2 protein chains.
Amino acid sequence: MSYQYHVDGELVPAAEATVNVRDRGFMYGDGAFETLRIYGGEPFEWEAHADRLQRSCETLGFGNALPPVSALRERVDETLAANELSDAYLKLSITRGVQPGKLTPDEDVDPTVVVYVSELPRAGVEGQRVWDGPASLGTVERERVPDEAIPADAKTHNYLNGILARLELRGSDHDEAIMCSRDGYLAEGATSNLFFVSDGTLRTPTADLPLLPGITRDVVRSLAEAADVPVETGRYEPDILQQASEVFVTNSTWEIRPVTQVDDKSVAVGPVTSDLQERFDKLVESFY
Amino acid sequence: MSYQYHVDGELVPAAEATVNVRDRGFMYGDGAFETLRIYGGEPFEWEAHADRLQRSCETLGFGNALPPVSALRERVDETLAANELSDAYLKLSITRGVQPGKLTPDEDVDPTVVVYVSELPRAGVEGQRVWDGPASLGTVERERVPDEAIPADAKTHNYLNGILARLELRGSDHDEAIMCSRDGYLAEGATSNLFFVSDGTLRTPTADLPLLPGITRDVVRSLAEAADVPVETGRYEPDILQQASEVFVTNSTWEIRPVTQVDDKSVAVGPVTSDLQERFDKLVESFY
């Protein structure tokens, strides 16, 4: 299938969707993005994603150049309409664009806005998962970039840290890399947040650690509270996963993806994970 | 002046030099580059730059996809010829290109190679500096990304760390940001290596710290040795710059750029800096 992307205000065939090589997104990864899931034509958690995009751009010093949320939403809707998609993966990118000079950013920003899209199966109660099976996690040596170097709560085009983490998994049967902070605490996966159950409590690394506090992570915490499952955020060493009764990872595309392997250890898919998946599916079903 | 860039094997006008939005260089900063200075039609320290580009690509796991050095050199030469330039700034970028899937890199790489160019004045003994005046340094809070997160000796398209450092200087009269390592030692500028003179010794942070060991940095160390100036690499705290008798920064474009201000303190341009500049100019003169 050949998609239309939205680039700088125009819909263009994906193969012809380009940016200038002087775009700072290309030269320096100087941009921010959001990955969204579209259910029944509606972007899930749109406001939370739009807010985070705004905050990421503010961290990068061009928050004032972000088009109004309504204009961004219009581009999203136009892209979905042009591709006749109601269930989709959608990525919304904004970069500092082309500027004169070299590394030092100019205050005058004409941003580059790109909307990428691709079809996904229908989700919800009768839906289909986007992943082939549960995740297998490998804890890697690569450390998460500390906040003091690049704030982890900004979702930017600088993604080499996660790429290097995933490269460590080459040749193994793991498909998600779990990184720790410099001081050795579990942080997050290359593209996911980590959850695990131990002693009946659902636990996830605290956002005080260098991690992107995912929007799906927030939804899952709310669902757990509604289900009377105690939730704790904290600092955990990797060994704790070996004692966990359940493990899962989350992101906007995967939703809640069970984990059945952590390094050499097998984990079963347990009742907390299944219950949360069911609740998530019901929430999504309301979009259809 | 309208330049021709070399993109994926073809010369194109700079305004039409584009990459697909799915290029991993754009989406993730998943690429490496070199910035070179061209003197009298010859790339300065070509082999050192080509070697480092190779090493950067190896760090990113696509060293095998880099075209042979002779093919890269051909693109460089074609770009210079098409633009009729013999004194120039030249940037050679290579990214992992467009791949199926998402973050996990595919082993099969069709890289995107881009050569950027722009005119510079003639350098050497009778030459002209590219900078308007000496540099003013501001030491910033932003910490250099540690090697354990992303190896600093790879020159990649992930440049937000340096951009955030430069943003801290907004509203000040400083034009280069000096970052420290997490443990508080001077590392490097956003786009330059740092040198200073104290007790008659030329000092520069050790490459054991998270910094890009610049090619100009190596040239300058050799020139200092030839001039019988003792050279030391080490771990230095920022305060040491307040006692330095001379300070300068180096990169391929700036060559040796004297520093006359470090935070609130003025520094004079001293004899070691001037002597090294003279030696550098003489070295460059051999290209004309």
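Residues numbered from 1 in each chain as written. Chains lettered and ligands numbered in written order. Predicted model: local features only at pLDDT ≥ 70, side-chain atom pairs only at ≥ 80, totals over all residues. Heavy atoms only, no water.

Enquirer: Whenever I open this one, the overall build of chain A confuses me. Can you help?
Expert: Each helix and strand counted, chain A has seven helices and 16 strands in total. Here the C-alpha radius of gyration of chain A, 19 Å, is about what a compact globule of 288 residues would show, namely 19 Å. Projected onto its principal axes, the C-alpha coordinates of chain A cover approximately 55 × 45 × 35 Å. Looking at chain A residue by residue over its 288 residues, the buried ones come to 60%. In chain A, the proportion of contacts linking residues at least 24 apart, taken out of those at least 6 apart, comes to 70%. (Helix = DSSP H or I, 4+ residues; strand = E, 2+ residues; numbered from the N terminus. Rg over C-alpha atoms; globule rule 2.2 N^0.38 Å. Buried < 20%, exposed > 50% of the residue type's maximum accessible area, 1.4 Å probe, protein only. Contact = heavy atoms within 4.5 Å.)

Enquirer: How should the relation of the copies chain B and chain A be read in this particular structure?
Expert: With an RMSD of 0.0 Å, the fit of chain B onto chain A corresponds to turning through 180 degrees and sliding 0.0 Å along the axis. Those values place the two copies in the arrangement expected of a two-fold rotation axis. The fraction of interface residues of chain B whose copies in chain A are also interface residues reaches 100%, indicating that both copies meet through the same surface. (Least-squares fit on C-alpha atoms with pLDDT ≥ 70 in both.)

Enquirer: Is there a simple way to think about the packing of helix α5 (residues 215-226) of chain A against helix α7 (residues 271-285) of chain A in this case?
Expert: A packed helix pair is summarised by two numbers, namely the angle formed by the two axes and the spacing between the axes. Residues and elements named next belong to chain A. Relative orientation of the contacting elements α5 and α7 amounts to 110 degrees, with a least axis distance of 10 Å. It follows from the interaxial angle that α5 and α7 lie roughly perpendicular. Along the contact surface, α5 presents T216, V219, V220, L223, A224 and A226, while α7 presents L276, R279, F280 and L283. In the contact of α5 with α7, the residues fall into eight nonpolar, one polar and one charged. (Axes fitted to C-alpha atoms, helices over the stretch in contact; angles between N-to-C directions. Parallel < 35°, antiparallel > 145°, perpendicular 65-115°, else oblique. Nonpolar A, V, L, I, M, F, W, Y, C, P; charged D, E, K, R; others polar.)

Enquirer: In this structure, what is going on with the side chain of D30(B)? I would like to understand it.
Expert: Tracing the chain through its elements places D30(B) in the loop between α1 (24-28) and β4 (31-39). When its relative accessible area of 0% is taken as the criterion, D30(B) is described as buried. In terms of polar contacts, D30(B) uses its side chain to reach the side chain of R96(B), at 2.7 Å. Not counting residues up to four positions away in its chain, the partners in contact with D30(B) are L160(A), I163(A), R24(B), G25(B), L60(B), F62(B), T95(B) and R96(B). (Polar contact = N/O pair within 3.5 Å; in protein donor to acceptor, adjacent residues only side chain to side chain.)

Enquirer: When you look at the sheet that holds strand β5 (residues 42-43) of chain B in this model, what are you seeing that I'm missing?
Expert: Whether parallel or antiparallel, the strands of a sheet pair through hydrogen bonds between backbone atoms. All names here are of chain B. One open sheet holds the six strands; their spatial order is β2-β1-β7-β6-β4-β5, and the pairing between them is antiparallel. Both outer strands of the open sheet, β2 (10-13) and β5, are each paired with one neighbouring strand and no more. The sheet contact formed by strand β1 (residues 4-7) and strand β7 (residues 112-119) spans two bridges and is antiparallel. Bridge assignment links V7 to a residue of β7, and that residue is V114. Its contacts with the sheet put helix α3 (residues 69-82) on β1, β2, β4, β5, β6 (88-95) and β7, and the angle it makes with β7 is roughly 35 degrees. (Pairing = 2+ DSSP bridges.)

Enquirer: In this structure, what is going on with the side chain of N161(B)? I would like to understand it.
Expert: Along the chain, the position of N161(B) falls in helix α4 (residues 160-167). By relative accessible area, N161(B) is classed as buried at 4%. Side-chain polar atoms of N161(B) contact the backbone oxygen of E143(B), separated by 2.9 Å. Apart from residues no more than four positions distant in its own chain, N161(B) is found in contact with A149(A), I150(A), R142(B), E143(B), R144(B), V145(B) and M179(B).

Enquirer: Honestly, the nonpolar core in this entry has me stumped. Any pointers?
Expert: Nonpolar side chains tend toward joint burial in soluble globular proteins. Formed by 94 residues in total, the largest nonpolar core has its most connected members in V21(A), L90(A), L92(A), V21(B), L90(B) and L92(B). Discounting chain neighbours no more than four positions away, the residues touching L90(A) are E34(A), T35(A), L36(A), I38(A), V76(A), L80(A), V115(A), Y116(A) and V117(A). (Core = buried A, V, L, I, M, F, W, Y, C linked by side-chain atoms within 4.5 Å.)

Enquirer: How should I be thinking about the sheet that holds strand β6 (residues 88-95) of chain A in this particular structure?
Expert: Spatial ordering of the open sheet is given by β2-β1-β7-β6-β4-β5 (chain A), a layout of six strands whose pairing is antiparallel. Every interior strand has two partners, whereas the edge strands, β2 (10-13) and β5 (42-43) of chain A, have only one.

Enquirer: Looking at this structure, how should I read the pairing of β4(B)?
Expert: Along a regular strand, successive side chains alternate from one face of the sheet to the other. Residues and elements named next belong to chain B. Counting buried positions over the nine residues of β4 gives nine, a clear majority of the element. Alternating residues of β4 divide into G31, F33, T35, R37 and Y39 and A32, E34, L36 and I38, and every residue in both groups is buried. Where β4 lies against β6, eight bridges are found, and the strand directions are antiparallel. Counterpart to I38 in the pairing with β6 is A88. Here β4 runs beside β5; their pairing, made up of two bridges, is antiparallel. Of the residues in β5, the one forming a bridge with I38 is P43.

Enquirer: Mind showing me how you'd approach the confidence of the model for chain A here?
Expert: When pLDDT drops low, the exact placement of atoms in the prediction is not to be read closely. Averaged over every residue, the pLDDT of chain A is 97; the share at 70 or more is 100%. Scored as a whole, the predicted complex attains pTM 0.97, and scored at its interfaces, ipTM 0.97. (pLDDT = per-residue confidence, 0-100.)

Enquirer: For this particular structure, what's the right way to read the interface of chain B and chain A?
Expert: One frequent convention defines the size of an interface as the accessible area lost when the parts assemble. Contacts between the two partners involve 60 residues from chain B, matched on the other side by 60 residues from chain A. Roughly 5000 Å² is buried in total at the junction of chain B and chain A, and carbon and sulfur atoms are behind 62% of that figure. When residues of chain B are sorted by the area they lose upon contact with chain A, F26(B), L103(B) and L160(B) head the list and together hold 15% of the total. Connecting chain B to chain A are three salt bridges. For the salt bridge of E107(A) with R170(B), the shortest nitrogen-to-oxygen distance reads 4.0 Å. Here chain B is connected to chain A by 34 residue pairs in polar contact (both at pLDDT 80 or more). For the side of chain B that touches chain A, the elements supplying multiple residues, two or more each, are β1, β3 (18-20), α1, β6, β7, β8 (135-143) and α4 of chain B. (Buried area = accessible area lost by both parts, 1.4 Å probe. Salt bridge = Lys/Arg side-chain N within 4 Å of Asp/Glu carboxyl O.)

Enquirer: Can you walk me through the pattern of salt bridges in this structure?
Expert: Residue and element names in this part refer to chain A. With the rule as written, the count across this model stands at 41 salt bridges over all chains. With a shortest N-O distance of 3.5 Å, E255 and R37 are connected by a salt bridge. Here E255, found in strand β15 (residues 255-262), pairs with R37, found in strand β4 (residues 31-39); they are 218 residues apart in sequence, far enough to count as distant. R37 matches E255 in its accessibility class, with the two residues each being buried. R73 serves as the salt-bridge partner of D77, at 3.1 Å between the closest nitrogen and oxygen. Here the residue D77 and the residue R73 both occupy positions in helix α3 (residues 69-82), the gap between them amounting to four residues, near one helical turn. Overall, the relative accessible area of 18% leaves R73 in the buried class.

Enquirer: Would you mind showing me how to read the packing of aromatic side chains here?
Expert: Geometry of an aromatic ring pair is reported as the spacing of the ring centres plus the angle between the planes. Evaluated as defined, the whole model comprises 18 aromatic pairs over all chains. With a centroid separation of 5.0 Å and an interplanar angle of 85 degrees, the aromatic rings of F196(A) and Y236(A) are classed as edge-to-face. Here F196(A) is found in strand β11 (residues 193-198), whereas its partner Y236(A) is found in the loop between β13 (231-234) and α6 (240-243), with 40 residues between them in sequence. Between K91(B) and the ring centre of F33(B), over which it is positioned, the NZ or CZ distance is 4.5 Å. (Phe/Tyr/Trp six-rings, centres within 6.5 Å; stacked < 30°, edge-to-face > 60°. Lys NZ or Arg CZ within 6 Å of the ring centre and 35° of its normal.)

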